Amino acid sequence: MQSQPNILERARRGDLTGLRVAGLVRLSFEINPDRERPDVPMNGSDINNREEQEQLCRDYIESRGGIYIGTYDEPHTSAWKKKRIRQADGTYVYRVVRPVFEGMLSDLRKGRTETAYFTPVGGYTPHTEIDGSIVYDVDRLTRDNRHLEDAIETVEYFHRPIIDITGTLDLLTENGRDMARVMVTMAGKQSAATSRRVKNIHRAMAREGIPVGGARPFGWQDDKRTADPVEKELVTKAVNDLLSGKLVHTLLGEWKKAGVRTPKGNYWVRTTFRNMILSPRLVGWRVHGPEDLPLHERCARDKEGQPVKGQHEALVDEKVWRAVVDLLTNPDRPGAGVSVGRLKYMCSGHLRCGNCAGKMRGNAKAKNGYEYVCDSCYKVTGAGPAIDRHITALIFARLAAQQIPVEVSPWSGADDLAKYETTKANLLAQFKENPDMGTHIWPEIRRAEAEISRLLKERATYIRKTAGPTVADIEKEWPDLEIEQRHAIVGENFEAIILLPAQKGANRFNPDRLQVVPRQ
């Protein structure tokens, strides 16, 4: 390998004889002539696909006596858009994330391609000596000033040339580096202007309820407006099953067995399923909002703060959807933060030890049997099937005794919520007209928001308790219920179930060992 200053001097003269150079190919998006609109104006290397950029870089190096050793490929990568990154101390910073670009600079400083992002051409290995790199033009290198300074540092202090084929990039001279800083600043300004225009377009589309591009959402047909009858039935049933106590992993197992897949053809996973259920799109609202908001709150709103109705059909009633949102997100919901794992036994966690008051869990035995065992003192056990049969009979008797149907009254806090929302809207309007009054207005806004937050939490809890489906004949439906649904019904009917220690010499389970505390 030649001396580093000599490499820079030769690169200035355009003499690359014997230098090992790798290309950096970046596309914000791939162009598919069969699908993309041909009338969209593009410039520079946006017109070229990956193969064309790579071939142009290779031809340039080889025409000047250099050796093209391979490529650092950045597909679908923005050189300007920042992402929020969590720091070790819990704070956040916003940075352009480009691991391939940073890996290339790291390799250049070491003089060897050690990162996994390098793809060698024929005749070279993934780990080979590298003298410099080449890009199509300065726009392909970066649109971020931080990354430009990193590239300049690599050239100036590690003597690794980074060149382009259009002549717009010169990091080899002091004047060239200053001009590169100006060009990157202007490119960033152009990106910011484009981003602002795109955001304005999306905001206008959101106000009108117009769906955006991309893959169709599950539950709707390709026009993204008409509900798909099969998928709508699946979503409706899933929501009702969740409210009746069925766990997400059970639903995912049923969908996988039935061959239900996402619109992209993938099997459903918990995160994807949960995001689909929590999306305001299910109730017909237009999804739009910052990513720092909870998913169920990301909907476009009108001037009065009300959700914007989208141009698509609703799949789920709003009351039922709010109930399932509360079920999946409310930190005060029953069982929140407690992992039940793969629930197998109906009374696990509900049974309490009569000796130490510890929780009892199911334990498998030979010949498909099971027993409940105290998790704390291990001194109290009971036959699982016999206990479950006895508790089931108590549930049937308890529900049968509730002959008089109770009419569900409307939520009592609706008027208060409307009052505080109106107060907040009026205060915001006052601040807009007279910003100088902010020191007096904002404390009032915060108080109104606190009350709104409290009332929304109360409403969600009320809806969750009243919107779930009821079982008209629990004894008839019982055999078809999942184990977690039975487990939930036990919890709804009893505050606690105490299992007393067995008497010495007793061979059979005695129901008198069970003491139940009914839930009011």
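Residues numbered from 1 in each chain as written. Predicted model: local features only at pLDDT ≥ 70, side-chain atom pairs only at ≥ 80, totals over all residues. Heavy atoms only, no water.

**Q** Now, about the overall build of the chain: what can you tell me, with residues and values included?
**A** Along the backbone of the chain there are 15 helices and 13 strands. A total of 520 residues make up the chain; the buried ones form 37% of that total. Of all intrachain contacts in the chain linking residues separated by at least 6 positions in sequence, the fraction that spans at least 24 positions is 62%. Accessible surface, the chain: about 30,100 Å² in total, of which carbon and sulfur atoms supply 50%. (Helix = DSSP H or I, 4+ residues; strand = E, 2+ residues; numbered from the N terminus. Buried < 20%, exposed > 50% of the residue type's maximum accessible area, 1.4 Å probe, protein only. Contact = heavy atoms within 4.5 Å. Areas by Shrake-Rupley, 256 points an atom, 1.4 Å probe, with all protein chains shown as cover.)

**Q** Could you give me a rundown of the environment of T226, with the residues and numbers involved?
**A** Within the secondary structure, T226 is located in the loop between α6 (174-208) and α7 (229-243). A residue is classified by how much of its surface remains accessible, and T226, at 29% relative accessible area, is partly exposed. Distance from T226 to H312, taken between C-alpha atoms, is 6.2 Å for residues 86 residues apart in sequence. The contacts of T226, once residues within four sequence positions are left out, are W220, Q221 and E313.

**Q** Any details on a nonpolar patch on the surface? Residues and values, ideally.
**A** A contiguous nonpolar surface patch, about 300 Å² in accessible area, is contributed by M179, V182 and M186. Following the sequence through the fold, M179 ends up in helix α6. A residue is classified by how much of its surface remains accessible, and M179, at 48% relative accessible area, is partly exposed. (Patch = residues over 30% accessible without salt bridge, like charges linked within 9 Å, V, L, I, M, F, W, Y side chains within 5 Å. Salt bridge = Lys/Arg side-chain N within 4 Å of Asp/Glu carboxyl O.)

**Q** Now, about unusual backbone geometry: what can you tell me, with residues and values included?
**A** Despite not being glycine, A357 has its phi angle at roughly 70°, a positive value. For A357, the position within the fold is in the loop between β8 (351-353) and β9 (360-364). Positive phi is not limited to glycine here, since Y378 has a value of about 60°. Relative to the assigned elements, Y378 resides in the loop between β10 (370-374) and β11 (381-383).

**Q** Tell me about the packing of helix α5 (residues 145-158) against α6, residues and numbers included.
**A** Contact geometry for α5 and α6: axes closest at 10 Å, N-to-C directions at 160°. Put simply, α5 runs roughly antiparallel to α6. For the pair α5 and α6, the sense of crossing is right-handed. From α5, N145, L148, E149, I152 and E156 reach across to α6, where they touch R177, A180, R181, V184 and T185. Class assignment for the residues of the contact of α5 with α6 results in 4 nonpolar, 2 polar and 4 charged. (Axes fitted to C-alpha atoms, helices over the stretch in contact; angles between N-to-C directions. Parallel < 35°, antiparallel > 145°, perpendicular 65-115°, else oblique. Left-handed = near helix turned anticlockwise from the far one by under 90°. Nonpolar A, V, L, I, M, F, W, Y, C, P; charged D, E, K, R; others polar.)

**Q** Help me get a handle on the pairing of strand β3 (residues 83-86), residues and values and all.
**A** In the sheet, β3 pairs with strand β4 (residues 92-95) via 4 bridges, with the strands oriented antiparallel. Paired with K83 across the two strands is R95, which belongs to β4. Hairpin connection of β3 to β4: 5 residues between the antiparallel strands, including G90 at a positive phi of 95°. (Pairing = 2+ DSSP bridges.)

**Q** Help me get a handle on helix α15 (residues 483-493), residues and values and all.
**A** Taken together, the buried positions of α15 are E484, Q485, H487, I489, V490, G491 and N493. Next to the buried residues of α15 lie α7, α8 (248-258), α11 (384-400), α14 (474-477), β12 (494-499) and β13 (514-518).

**Q** With reference to specific residues and values, describe the packing of aromatic side chains.
**A** Scanning the model with the defined rule gives 10 aromatic pairs in all. Their ring planes at 75° and their centres at 5.5 Å tell us that W255 and W268 sit as a pair that is edge-to-face. Taken together, the positions of W255 in helix α8 and W268 in the loop between α8 and α9 (270-278) put the pair 13 residues apart, joining distant regions of the chain. Judged on exposure class, the residue W255 and its partner W268 are both buried. When the centroid spacing of 5.5 Å and the interplanar angle of 90° are considered together, the rings of F396 and W478 count as edge-to-face. Of this pair, F396 sits in helix α11 while W478 sits in the loop between α14 and α15, and the two are 82 residues apart along the sequence. With relative accessibility at 18%, the residue F396 sits in the buried group. For W478, a relative accessible area of 7% puts it in the buried group. Aromatic rings pair up to connect F218, W255, W268 and F273 into one cluster. The lysine or arginine in question, K419, covers the ring of Y420, its NZ or CZ lying 4.8 Å from the ring centre. (Phe/Tyr/Trp six-rings, centres within 6.5 Å; stacked < 30°, edge-to-face > 60°. Lys NZ or Arg CZ within 6 Å of the ring centre and 35° of its normal.)

**Q** Describe the nonpolar core, listing the residues and the values that go with them.
**A** As a rule of thumb, soluble globular proteins bury nonpolar side chains together. In this structure, L24, Y72, L141, I162, L169 and L171 are the most contacted members of the largest nonpolar core, which totals 36 residues. Ranked by residues supplied to this core, first place goes to helix α3 (residues 99-110) with 5 residues. When neighbours within four sequence positions are excluded, Y72 is seen to be in contact with A22, G23, L24, V25, V100, M104, D107, T113, T115, Y117, F118 and I130. In terms of nonpolar packing, the next biggest core, distinct from the first, is built from 30 residues, A227, A238, W255 and V283 among them. (Core = buried A, V, L, I, M, F, W, Y, C linked by side-chain atoms within 4.5 Å.)

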